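# Reading the structure
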Amino acid sequence: FGRNMVTLNGNMLLSKMSTAVRLHKFRALTLRGKVTIINTVVCAKIWYVGACVIFSTNFIVKVNHLVFTFLWKNEWVSRRTLVLPPVEGGLGIFHVESRLAAFRCDHLRRLMIGSSAKWQIFARYWIGLSLRKWAPALASNLFAHSEWRPAFYSKALFELRQICLKQNSPSPFLQTVKVAYRNLLPSVGLTPRCIMKEPLIDFVCTWRVMNCGVLDPRARDVMWRLSHNVLPVRVFLNHIHVTQCVTCPLCCVSWETTDHLFLQCPVVKPSWNYLWPYIMRIAGIQLSLSREVVLFLNFSIPNQHKLGAVSCLISEVVYAIWIKRNTVIFEHQKCSSVDITSLILYRLRTR
């Protein structure tokens, strides 16, 4: 506390967060695994102090840089999209500013519901008159009140009023941290760009299938990148000026797009022809071998168990193709359709 309080607290927390990132930096984690570490270990270090201190913009920028650098090297998906829940196409990573605002709203909620905590005597002195609309008892003339509000309470009151002005928002007495953060998130979240690029795809179905809990975590990462159109195939890397080579490493004839690599490549087609009858038998309905089904998992099966099994099989095939493609590029191994089919069957047996 005291002079230069915000800077000293910020530097201490940044040091702790950097240490936590270094401890987990070299672990072989999936995207969801990294998000879990960020939400429960890294960012958890700032909530306690952030509940009573207003951090500077420079501190928030440094925290976001530390977090998203740990998540991945190339930010091909907007940060405002990543903060969305997984069922909406994001990863569920905490939006730091909104989360801190939710803690401040919860601070005012605890003041309005009343308790015997000693800090409430000071809080009532600073902001009791401003909360008289919701808690008239706090504005009683039996207590002293201040004509001036500290910056913390001014900001907390502004954020609480912003939430309460929204349509269909709950009462301020219900503004717990989770509820307040849920109400603040739509104003900062950004709809995934893939929804505008692929208007014919039902992404609500895609996100639901992708988060059914049956998919292998690493296969789910590949499918998530595929659905957002950020899987680093050669045409995509050429578009962002990373490489000049655009030919498919499996057939060395056509351009390596996602459609070609996972559906049209002559090395890949025999694997699909071998496995697709079994997939349709499990599904119990007629499924077409199309980009909507394979690349976006955009299909509907009434039976949830069959839905999970079919989505698991398709994602395993896609992941096996991606693994073999990477071994050809980085390990200079030859690959045939038999190798891909063998890897798929091996992964299914081990599951």
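For the structure, see preceding data.
These remarks concern the structure in this document. These numbers were taken from a predicted model, which means no experiment stands behind them.

### Notes on the nonpolar core
If you look at the biggest cluster of nonpolar residues, it comprises 115 residues, and the most contacted ones within it are Trp-272 and Ile-314. At 11 residues, helix α17 (residues 304–330) tops the list of elements feeding residues into this core. Once residues within four sequence positions are removed from consideration, Trp-272 is found in contact with Phe-262, Pro-277, Ile-279, Leu-289, Val-294, Ile-314, Val-317, Val-318 and Ile-321.

### So, helix α9 (residues 177–188)
End to end, α9 covers 16 Å across 12 residues, agreeing with the expected 16 Å (1.5 Å per residue, within 8%). For α9, the set of buried residues is Val-177, Val-179, Ala-180, Tyr-181, Asn-183, Leu-184, Leu-185 and Val-188. In this structure, the buried residues of α9 make contact with α5 (79–82), α6 (96–113) and α8 (151–165).

### Side note on the packing of aromatic side chains
Scanning the entire structure with this criterion turns up 14 aromatic pairs. Plain terms: the ring middles of Phe-152 and Tyr-153 are 5.3 Å apart, the flat faces sit at 85 degrees to each other, and that makes the pair edge-to-face. In this structure, Phe-152 and Tyr-153 share a single accessibility class: buried. When the ring of Tyr-274 is compared with that of Tyr-278, the centres are 5.9 Å apart and the planes differ by 55 degrees; the resulting orientation is tilted. Placement of both Tyr-274 and Tyr-278 in helix α15 (residues 269–283) is noted, with a separation of four residues, approximately one turn of the helix. One Lys or Arg, Arg-99, reaches over the ring of Trp-47 and ends 5.8 Å from the middle of that ring. A cation over a ring is seen here: Arg-124 above Phe-143, with NZ or CZ 3.7 Å from the ring centre.

The rules behind these values
Residues numbered from 1 in each chain as written. Predicted model: local features only at pLDDT ≥ 70, side-chain atom pairs only at ≥ 80, totals over all residues. Heavy atoms only, no water. Core = buried A, V, L, I, M, F, W, Y, C linked by side-chain atoms within 4.5 Å. Buried < 20%, exposed > 50% of the residue type's maximum accessible area, 1.4 Å probe, protein only. Helix = DSSP H or I, 4+ residues; strand = E, 2+ residues; numbered from the N terminus. Contact = heavy atoms within 4.5 Å. Expected span 1.5 Å × (residues − 1). Phe/Tyr/Trp six-rings, centres within 6.5 Å; stacked < 30°, edge-to-face > 60°. Lys NZ or Arg CZ within 6 Å of the ring centre and 35° of its normal.

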